[in-house]
Every structure is written in C-alpha cells, then in structure tokens.
Amino acid sequence: GFVPGLFGTSHGALQFMAYEDLKERYNKYRNRVSDTKLNTVEYIMMAAVSKIFAVVATYPYQVVRARLQDQHNTYSGVFDVISRTWR
C-alpha cells in the first residue's frame, strides 16, 4: 500500500490546479483581470467544484490502497486488487 499511498499527495495538487483554472476561466468569462479576488459565494463555488473534481479523480486509488493494507485478504499486487475489485 506504500506506492498507492504516494499518489495521495496528488489530491491536493489536483484540487489546487482545478481551482486556479476555474478561477481564471470565470474571471475571463466575467471580463475581469485573471487575479481578481472572488466574492464569498464565488469562492465557495470554485472551492466546492475543484474539491469534487479532485475527489472523483483520486478516490479509486484510495480503494486500492485500503485493500492492499487489509490484512484479511492476500493480493499479488495493484493489478490483482483492481481486477478483483472490478469483478
């Protein structure tokens, strides 16, 4: 479970990347300078959407990691976990 655990660090990076991209596109859509600060509602919406994106993108690895760390089952590797989980 160590190697899949390393992929967990990508969650924050994906969320930050999505937030910045959404903010830039939104400000461009509103004809504002790209670094214009968002109001509270805009900030909450951008944060929520970017978090949902990051969760959807990284949740499958969390299932694989948890199953590899499970002491009750024996797997031969990551691909074994994925194929058995898919079945």
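Keep in mind it's a predicted model, so treat the numbers as computed, not measured.

Thresholds applied
- Residues numbered from 1 in each chain as written.
- Predicted model: local features only at pLDDT ≥ 70, side-chain atom pairs only at ≥ 80, totals over all residues.
- Heavy atoms only, no water.
- Helix = DSSP H or I, 4+ residues; strand = E, 2+ residues; numbered from the N terminus.
- Rg over C-alpha atoms; globule rule 2.2 N^0.38 Å.
- Buried < 20%, exposed > 50% of the residue type's maximum accessible area, 1.4 Å probe, protein only.
- Contact = heavy atoms within 4.5 Å.
- Areas by Shrake-Rupley, 256 points an atom, 1.4 Å probe, with all protein chains shown as cover.
- Lys, Arg positive; Asp, Glu negative; His and termini not counted.
- Charge placed at Lys NZ, Arg CZ, Asp CG, Glu CD.
- pLDDT = per-residue confidence, 0-100.
- Domains from an automatic or database assignment.
- Salt bridge = Lys/Arg side-chain N within 4 Å of Asp/Glu carboxyl O.
- Polar contact = N/O pair within 3.5 Å; in protein donor to acceptor, adjacent residues only side chain to side chain.
- Nonpolar A, V, L, I, M, F, W, Y, C, P; charged D, E, K, R; others polar.

Peer 1: Could you give an account of the overall build of the chain, with specific residues and numbers?
Peer 2: The secondary structure content of the chain amounts to four helices and zero strands. Written out in order from the N terminus, the α and β elements of the chain read α-α-α-α. For the chain, the C-alpha radius of gyration of 18 Å lies well beyond 12 Å, the compact-globule estimate for 87 residues. Considering only C-alpha atoms, the chain reaches an extent of 55 × 25 × 20 Å along its principal axes. By the burial criterion, 20% of the 87 residues in the chain qualify as buried. Sequence-distant contacts, at least 24 apart, represent 52% of the contacts inside the chain between residues at least 6 apart. As presented, the chain carries roughly 6,800 Å² of accessible surface, and 62% of it is formed by carbon and sulfur atoms. The distance from the centre of the 11 positive side-chain charges to the centre of the 7 negative ones in the chain is 4 Å.

Peer 1: Explain the confidence of the model for the chain to me, using residue names and the numbers behind them.
Peer 2: Residues at a pLDDT of 70 or more form 94% of the chain, whose mean pLDDT is 86. Predicted confidence in the chain is weakest over helix α1 (residues 2-6), with a mean pLDDT of 67, and strongest over helix α2 (residues 10-29), with 93.

Peer 1: For the domain arrangement of the chain, give the residues involved together with the corresponding values.
Peer 2: Along its sequence, the chain is organised into domain 1 (1-36) and domain 2 (41-86). Each of domain 1 and domain 2 has a C-alpha centre, and the two are 18 Å apart. Among the ionic pairs, Glu42 bridges to Arg32, the shortest N-O distance being 3.3 Å. At the surface where domain 1 touches domain 2, the tally comes to four residue pairs in polar contact (both at pLDDT 80 or more). In terms of residues, the side of domain 1 that touches domain 2 owes the most to one element, α2, which gives 10 residues. A breakdown of the residues in the side of domain 1 that touches domain 2 according to their chemical character gives eight nonpolar, six polar and two charged.

Peer 1: How would you explain the pattern of salt bridges if you had to name every residue and give the values?
Peer 2: Tallied over the entire structure, the rule returns three salt bridges. Note that Asp80 is salt-bridged to Arg84, the shortest N-O span being 3.4 Å. Separated by four residues within a single helix, Asp80 and Arg84 lie in helix α4 (residues 78-86), roughly one turn from each other. Of the residues examined, Asp80 reaches a relative accessible area of 18% and is grouped as buried.

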